[in-house]
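Observations on the model geometry
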Amino acid sequence: MKQAIKPIAATLNENYKKQLATNEYQLILSPHEELRNKVLQMRQAFQETYQTPPLMIKPHVTLVRFTQLALMEERILQRLRTIAMGHCPLKVELKDFGSLPTHSIFINVMSKLPIRDLVTEIRDIQRLMKLDKENKPHFLDDPNLLIARKLQPWQYEKGWLEYSNKSFTGRFIADAMLLLKRRQGDKNWQIAERFAFQNLPVSTRQGELFA
C-alpha cells in the first residue's frame, strides 16, 4: 500500500512544483508567413554583416512582456480571451526603419493608434501580470518589428548608417494575438494560446465570461 502511495505523492509534488514555476510571457501580433520570411531574411543579412547573435523568436509586434507564476496562467488566459472576443482585427502598416540608440534597429509601425488602443485594454488586467515589485508587466506603447538588438556601439553605428537610408513597406491584418511563454532560463518560446479577434458585442462576451 505504501509503495502505491509514493508514486501518487511524487506526481502531486511534481504538479505543485510546476504550478510554482515562473514563466516569461510575451503577448504579440504575428505577421503573415510571406512578410515574416521577408523580415527573417533581413535579420539574417544583418547578423551576417555585423556579426550579431541570432534572435530566438520570429518577427512580431510585442504588446506586453511579463513574468508570472504558472498557477496564474489560466486566469490570465480567461481575461485575454474576453478582450480578444470584443476586439476587431487590426491593419498593421509598416514603413522604413527606426532605432533605439545605441542598441536596437527595427521596422517602424505606422498604424500605432489601433495597437495602442488594444494595449490600453490589456492594461486593465496588469495586476494579474505583476509577479512582485521587481517584476511588473512591460507594455509596449511604441510598437515595432525588431531587426537587431543588444548591439555593440560599432554594430549600431554601422548598421544604422546603412538602415537609416533603406526603405521598406509592408502590411498585414492581425486577426488574433498570441501569448508566448517559456520557462525562465529556457531559450525557446512556445505558444500558450491564440486569441482570435471576434468583434463580438459586450452582452455576448459577458455571457461567455460567466458561462
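Structure's up top.
Since this is a predicted model, take the numbers as computed values, not measurements. (Residues numbered from 1 in each chain as written. Predicted model: local features only at pLDDT ≥ 70, side-chain atom pairs only at ≥ 80, totals over all residues. Heavy atoms only, no water.)

**Re the pairing of strand β9 (residues 190–196)**
One ladder, built from 6 bridges, connects strand β8 (residues 176–183) with β9; its direction is antiparallel. Following the sheet pairing, Met177 is matched in β9 by Phe195. Where β8 folds back on β9, the antiparallel hairpin that results is connected by 6 residues, among which Gly185 adopts a positive phi of roughly 100°. (Pairing = 2+ DSSP bridges. Helix = DSSP H or I, 4+ residues; strand = E, 2+ residues; numbered from the N terminus.)

**Focus: the pattern of salt bridges**
Per the stated rule, a full pass over the model turns up 11 salt bridges. Here Glu73 makes a salt bridge to Lys181, at a shortest N to O gap of 3.1 Å. Of this pair, Glu73 sits in helix α3 (residues 73–85) while Lys181 sits in strand β8, and the two are 108 residues apart along the sequence. Judged by relative accessible area, Lys181 falls into the buried class, the value being 18%. Two residues, Arg81 and Glu193, come together in a salt bridge whose shortest N-O distance is 2.7 Å. Of this pair, Arg81 sits in helix α3 while Glu193 sits in strand β9, and the two are 112 residues apart along the sequence. We classify Arg81 as partly exposed; its relative accessible area is 29%. (Salt bridge = Lys/Arg side-chain N within 4 Å of Asp/Glu carboxyl O. Buried < 20%, exposed > 50% of the residue type's maximum accessible area, 1.4 Å probe, protein only.)

**Side note on the nonpolar core**
Note on soluble globular proteins: their nonpolar side chains tend to be buried together. Grouped together as the largest cluster of nonpolar side chains are 46 residues, with contacts concentrated most on Leu29, Leu80, Ile122 and Met177. Setting aside its immediate chain neighbours within four residues, Leu29 contacts His60, Val61, Leu63, Leu90, Val92, Ile115, Leu118, Ala174, Ala176, Met177 and Phe197. Listed in part, the 5 residues of the second largest apolar core include Ile28, Ile57, Leu178 and Leu180. (Core = buried A, V, L, I, M, F, W, Y, C linked by side-chain atoms within 4.5 Å. Contact = heavy atoms within 4.5 Å.)

**Description of helix α2 (residues 33–50)**
For α2, spanning 18 residues, the distance from its first C-alpha to its last is 25 Å, which sits close to the expected 26 Å at 1.5 Å a residue. Buried within α2 we find Leu35, Arg36, Val39, Met42, Arg43, Phe46, Gln47 and Tyr50. Projection of α2 onto a plane perpendicular to its axis shows the buried side chains occupying an angular sector of 140°, all on one side. Exposed and facing more than 90 degrees away from the buried side of α2 are Glu33, Glu34, Gln41 and Glu48. In the stretch just after α2, Gln51 is the one whose phi turns positive, near 55°. (Expected span 1.5 Å × (residues − 1). Arc of directions from axis to C-beta.)

**Quick look at the environment of Asn135**
Relative to the elements of secondary structure, Asn135 occurs in the loop between α5 (126–129) and β5 (138–139). Among the residues examined, Asn135 registers a relative accessible area of 25% and is labelled partly exposed. Residue contacts for Asn135: discarding those within four places in its chain leaves Thr67, Met129 and Lys130.

**Re the packing of aromatic side chains**
Taken as a whole, this structure holds 5 aromatic pairs when the rule is applied. For the pair Phe97 and Phe168, a centre-to-centre distance of 6.1 Å together with 55° between the ring planes defines the contact as tilted. Within this pair, whereas Phe97 is found in strand β3 (residues 90–100), its partner Phe168 is found in the loop between α6 (153–163) and β7 (169–174), the two being separated by 71 residues in sequence. You'll find Phe97 and Phe168 in the same group, each marked buried. By the ring-pair criterion, three or more aromatic residues cluster together here, those being Phe46, Tyr50, Phe97, Tyr163 and Phe168. Residue placement shows Lys166 over the ring face of Tyr163; its charged tip is 5.2 Å from the ring centre. (Phe/Tyr/Trp six-rings, centres within 6.5 Å; stacked < 30°, edge-to-face > 60°. Lys NZ or Arg CZ within 6 Å of the ring centre and 35° of its normal.)

**Details of unusual backbone geometry**
The amide bond that connects Pro101 to the next residue, Thr102, takes the cis arrangement and shows omega of 0°. Here Thr102 shows up in the loop between β3 and β4 (104–109). A positive phi angle, near 55°, is found at Gln51, a position not held by glycine. Looking at the element boundaries, Gln51 is found in the loop between α2 and β2 (61–69). Gln51 sits in the exposed class, given a relative accessible area of 60%. If you check the backbone angles, Lys150 has positive phi at about 50° while not being a glycine. The residue Lys150 is located in the loop between β6 (144–148) and α6 in this model. For Lys150, a relative accessible area of 69% corresponds to the exposed category.

Everything listed here is a matter of coordinates, which is why it stays silent on function.
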